[in-house]
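Each chain, written out:
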Amino acid sequence: HRHATAVSDDLKYSAREAVERLGNEVTYYLREHRKEKVYGIGLEKPLTAECLRYLYRLLFLFYVEARPELGYAPMKSDAYRTAYSLEHLRDLAEVQLLSDEDLDGCYLDDTLRILFGLIYEGHNHELAEDKVGEHSFRISPLQSDLFDPDKTPILNRVRLRNRALQPVIDLLSRTRQGRKSGRSRISYSQLGINQLGSVYEGLLSYTGFFAKEDLYEVAPADKAEKHDDLDQAFFVSRAALADYTDQEKVIDPETGRVRQYPGGTFIYRLAGRDRQKSASYYTPEILTRCVVEHALAALLPGKSAAEILDLHILEPAL
């Protein structure tokens, strides 16, 4: 349990960074390749929502591929496992890309698009298991909002480079830097609903926005030295930076200078109270089980099977 909790804490940091990386890659493609305007048109909210949806797709696939008992991902199929699965992309995420051709290629993006399509549309699902054939596989269609291509119109118009997607997959595949044991592969089979729900709830706290000018990160003097990326963030302009002491400036460990965000950067940080205002929270499993158990205990006695089938849960979170 302690291990799973520690891993889910790692995932909170990794997921936030992954959304930020995705957002910046999408804006890069729209600006440089499609020559579209991206700033000042209200793109922040839909872009944030789509990047979150993309991230949840990856987390879903990590989870179902790690749990064969669910009977969904055909991990026993060599064809699926070696050519389509997210698991084989985890291996590629650890390979160093050296040439511009590799870095600017879109193999990871192409593979994930095909995989998302297989999940949404299904593959060979009309066939019985024994009729699929040795060199193919069977997936039942999962036509939920999560994988619906119509829910990601912005992402549908871009291509994500390997240089951007590789670190995203790696962030979600391995524990963070700084652990005594080094980075290790995350075993999604050991994570439960509570751990993934905690990651989900954490992501609801953040806001995506574009830096209108070069911004610099500052923090209260007692927090700046050991700054936590999950804490509330404060950004100031170059002109305003002089009003802050050295103890209040957040230093980037890689550069040794004040952490800077160039104008136009997509930033995904805790900068508001959107979650509190929308009352968007993840309810731990122990509470939902308790509520459902006691609610049904009051409703079920004396009811026939037909009457029980007519019962509906009105709160989707349960």
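Residues numbered from 1 in each chain as written. Predicted model: local features only at pLDDT ≥ 70, side-chain atom pairs only at ≥ 80, totals over all residues. Heavy atoms only, no water.

(A) Highlighting the overall build of the protein. Within the protein, the regular secondary structure consists of 13 helices and 5 strands. Dimensions along the principal axes, computed over C-alpha positions, put the protein at roughly 70 × 55 × 45 Å. Scored against the burial criterion, the 318 residues of the protein give a buried share of 41%. In the protein, the proportion of contacts linking residues at least 24 apart, taken out of those at least 6 apart, comes to 73%. Of the accessible surface of the protein, which amounts to about 18,200 Å², a share of 51% is contributed by carbon and sulfur atoms. Each charge class in the protein was averaged separately, 42 positive and 50 negative side chains, and the resulting centres sit 2 Å apart. (Helix = DSSP H or I, 4+ residues; strand = E, 2+ residues; numbered from the N terminus. Buried < 20%, exposed > 50% of the residue type's maximum accessible area, 1.4 Å probe, protein only. Contact = heavy atoms within 4.5 Å. Areas by Shrake-Rupley, 256 points an atom, 1.4 Å probe, with all protein chains shown as cover. Lys, Arg positive; Asp, Glu negative; His and termini not counted. Charge placed at Lys NZ, Arg CZ, Asp CG, Glu CD.)

(B) Representation of the side chain of Glu 217. Following the sequence through the fold, Glu 217 ends up in strand S2 (residues 215-218). Side chain to side chain, Glu 217 and Tyr 261 meet in a polar contact 3.0 Å long. The contact partners of Glu 217, leaving out residues within four places of it in the chain, are His 227, Ala 233, Phe 234, Phe 235, Lys 249, Val 250, Val 258, Arg 259, Tyr 261 and Arg 269. (Polar contact = N/O pair within 3.5 Å; in protein donor to acceptor, adjacent residues only side chain to side chain.)

(C) Seen up close, the sheet that holds S2. Read from one edge of the open sheet, 3 strands run S3-S2-S4, paired in antiparallel fashion. Each having just a single partner strand, strand S3 (234-237) and strand S4 (260-261) make up the two edges of the open sheet. As judged from the 2 bridges shared by S2 and S4, these two strands associate in the antiparallel manner. In the strand pairing of S4, Tyr 216 is matched with Gln 260. (Pairing = 2+ DSSP bridges.)

(D) Region of interest: the pattern of salt bridges. Inspection of every chain in the model, using the stated rule, returns 23 salt bridges. Residue Arg 259 is joined to Asp 229 by a salt bridge in which the shortest nitrogen-to-oxygen separation is 2.8 Å. On the criterion of sequence distance, the pair formed by Arg 259 in the loop between helix H10 (238-241) and S4 and Asp 229 in the loop between helix H9 (221-224) and S3 is long-range, its members being 30 residues apart. With relative accessibility at 16%, the residue Arg 259 sits in the buried group. When salt bridges with common partners are traced through the structure, they connect Glu 87, Arg 90, Asp 91, Glu 94 and Arg 185 into a single cluster. (Salt bridge = Lys/Arg side-chain N within 4 Å of Asp/Glu carboxyl O.)

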